[in-house]
Amino acid sequence: MPDGHNLNEKEKPMIKTTDLVKMFTTEEVETTALNSININVEKGEFVSIMGPSGCGKSTLLSVLGLLDNPTSGSYKFLGEEVSNYSERERADYRKAHLGFIFQSFNLIDDLSVYDNVELPLVYREMPKSERRAKVEAILEQMGIAHRRNHFPQQLSGGQQQRVAVARALVSDPDVILADEPTGNLDSEHGKEVMGLLKQLNSQGSTIVMVTHSASYARYGNRTIYLFDGSVVDKPTNGNGELGKTPQPGEENTEKQLATEVR
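Residues numbered from 1 in each chain as written. Predicted model: local features only at pLDDT ≥ 70, side-chain atom pairs only at ≥ 80, totals over all residues. Heavy atoms only, no water.

Engineer: Looking at this structure, how should I read the side chain of Ser230?
Structural biologist: Here Ser230 lies in strand S10 (residues 230-232). There is a polar contact of 3.5 Å between the side chain of Ser230 and the side chain of Asn35. What Ser230 contacts, discounting residues up to four positions off in sequence, is Asn35, Ile37 and Tyr225. (Helix = DSSP H or I, 4+ residues; strand = E, 2+ residues; numbered from the N terminus. Polar contact = N/O pair within 3.5 Å; in protein donor to acceptor, adjacent residues only side chain to side chain. Contact = heavy atoms within 4.5 Å.)

Engineer: Which parts of the structure should I look at to understand the sheet that holds strand S3 (residues 46-50)?
Structural biologist: Sheet strands associate in pairs through backbone hydrogen bonding, adopting either a parallel or an antiparallel arrangement. Taken together, the six strands give an open sheet; going across it, the order is S6-S7-S8-S3-S9-S10, and neighbouring strands pair in mixed fashion. Bordering the open sheet on either side are strand S6 (98-101) and S10, each of which pairs with just one other strand. On average, each strand axis in the sheet is tilted by 25° relative to the strand beside it, whichever way the strands run. The pairing of strand S7 (residues 175-179) with strand S8 (residues 207-211) spans four bridges and is parallel. Within the sheet, the bridge partner assigned to Asp179 lies in S8 and is Val210. Contacts from helix H3 (residues 87-97) reach S6 and S7 within the one sheet, and its direction differs from that of S6 by about 80°. (Pairing = 2+ DSSP bridges. Axes fitted to C-alpha atoms, helices over the stretch in contact; angles between N-to-C directions.)

Engineer: Mind showing me how you'd approach the sheet that holds strand S1 (residues 15-25) here?
Structural biologist: Taken together, the four strands give an open sheet; going across it, the order is S2-S1-S4-S5, and neighbouring strands pair in antiparallel fashion. With partners counted over all chains shown, the strands left at the sheet margins are strand S2 (30-41) and strand S5 (80-81), one partner each. Bridging between S1 and strand S4 (residues 72-77) involves five bridges; their strand directions are antiparallel. Bridge pairing in S4 places Thr17 opposite Tyr75. Strands S1, S2 and S4 of the sheet are contacted by helix H2 (residues 57-64), whose axis makes an angle of about 60° with S2.

Engineer: Would you take a moment to explain the packing of helix H6 (residues 157-169) against helix H7 (residues 187-202) for this structure?
Structural biologist: Packed helix pairs are characterised by how far apart their axes lie and by the angle those axes make with each other. As a packed pair, H6 and H7 sit with axes 9 Å apart at the nearest point and diverge in direction by 20°. The angle between the axes of H6 and H7 places the two elements in the roughly parallel class. Every pair of crossing elements has a handedness; the one defined by H6 and H7 is right-handed. Here H6 contributes Gly158, Gln161, Arg162, Val165 and Leu169 to the contact with H7, which in turn contributes His189, Glu192, Val193, Leu196 and Leu200. (Parallel < 35°, antiparallel > 145°, perpendicular 65-115°, else oblique. Left-handed = near helix turned anticlockwise from the far one by under 90°.)

Engineer: Explain the confidence of the model for the chain here, please?
Structural biologist: Low-confidence regions, as indicated by low pLDDT, have predicted coordinates that should not be scrutinised in detail. Residues at a pLDDT of 70 or more form 85% of the chain, whose mean pLDDT is 85. Mean pLDDT in the chain bottoms out at helix H9 (residues 253-261), which sits at 47, and peaks at S4, which reaches 97. For residues 1-9, every residue scores under 50 in pLDDT, and the model assigns this stretch one contact once sequence neighbours within four places are set aside. The low-confidence segment residues 238-262, where pLDDT is below 50, has 66 contacts with residues more than four positions distant or belonging to other chains. (pLDDT = per-residue confidence, 0-100.)

Engineer: I keep staring at the pairing of S7 and nothing clicks. Help me out?
Structural biologist: Regular strands place their side chains on alternate faces of the sheet. Among the five residues of S7, five are classified as buried, and the element is accordingly described as predominantly covered. Side chains of S7 alternate between two faces, with Val175, Leu177 and Asp179 and Ile176 and Ala178 buried alike. Alignment of S6 against S7, held across four bridges, turns out to be parallel. Note on S7: the bridge partner recorded for Gly99 is Ile176. (Buried < 20%, exposed > 50% of the residue type's maximum accessible area, 1.4 Å probe, protein only.)

Engineer: Just checking my understanding: could you explain the packing of aromatic side chains for this structure?
Structural biologist: Following the criterion strictly, the structure yields four aromatic pairs and no others. Taken together, a centroid distance of 6.4 Å and an interplanar angle of 5° make the contact between Phe100 and Phe102 stacked. One cation-aromatic arrangement involves Lys22 over Phe24; the distance from NZ or CZ to the ring centre is 5.5 Å. (Phe/Tyr/Trp six-rings, centres within 6.5 Å; stacked < 30°, edge-to-face > 60°. Lys NZ or Arg CZ within 6 Å of the ring centre and 35° of its normal.)

Engineer: Looking at this structure, I do not really get the nonpolar core. What am I missing?
Structural biologist: By size, the foremost hydrophobic cluster in this structure holds 33 residues, and its most contacted members are Val117, Met142 and Leu197. Counting residues per element, the ones that place at least two in this core are helix H4 (113-123), helix H5 (128-141), H6, S7, H7 and S8. Among the elements that make up this core, the one with the highest residue count is H6 (six residues). Discounting chain neighbours no more than four positions away, the residues touching Val117 are Val135, Ile138, Leu139, Val163, Ala166, Arg167 and Val170. With 30 residues, the next largest nonpolar core counts Leu20, Ile37, Leu66 and Phe77 among its residues. (Core = buried A, V, L, I, M, F, W, Y, C linked by side-chain atoms within 4.5 Å.)

Engineer: What is the right way to read unusual backbone geometry from this model?
Structural biologist: Leaving glycine out, the prevailing phi sign among residues is negative, and the prevailing peptide bond configuration is trans. Phi at Leu78 is positive, roughly 50°, even though this residue is not glycine. Here Leu78 shows up in the loop between S4 and S5. On the basis of relative accessibility, which here comes to 17%, the residue Leu78 falls in the buried class. Although it is not a glycine, Glu180 adopts a positive phi angle of roughly 50°. Inspection of the secondary structure puts Glu180 in the loop between S7 and H7.

Okay, here's the thing in structure tokens:
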């Protein structure tokens, strides 16, 4: 029987934001990228965040991924307020609780598949024998064990994304954050990766995925729609893909995420 502490932990949302605001200020203009965002993500959910380019999706992912602090409001992760963490505290929390999947894979070209997947565990200073067991197990799970000694440029796009998913999962994160994970894939490999994410969710993984694609958003249990930095009830048109200039700071989100992995 679980003890009282574990029971309470399970009752808490994985992610809870209250009146979350993110503003970018320059000498000439002040831009509200996120405007009073209130969302919950429960353990075991697969939540899609969808909206047109520049609506605030990447900014929200950056805040949820603890790459940046909000300007105001509350962000609780498993009941712990993390909105005012220092940069060092955010980095430590990311390593302990979060896994990232990127649009452009962000694998290190001169490392093998095995070494790319092992890297988050090296950063955690996990003993080598434990690392080996975890990496070999996740490579088997992802169906890429036979590619362990290959390098990223020797793999197809779908295979590279499988390596990226393995890297995100190897440290047993509480939440997987996926930023347009199919953006650099053709439709066949895109469906393959989405099927993989759906399978992982069915096995208990909590996933938050940013996408502009209505068809891929439907792989999730539910969809949160953003428009002009606010949560809205419905997409702004049939497919939610209205064009819009990116908010300041959004174009750098994936670069920040990649730096964390490397």
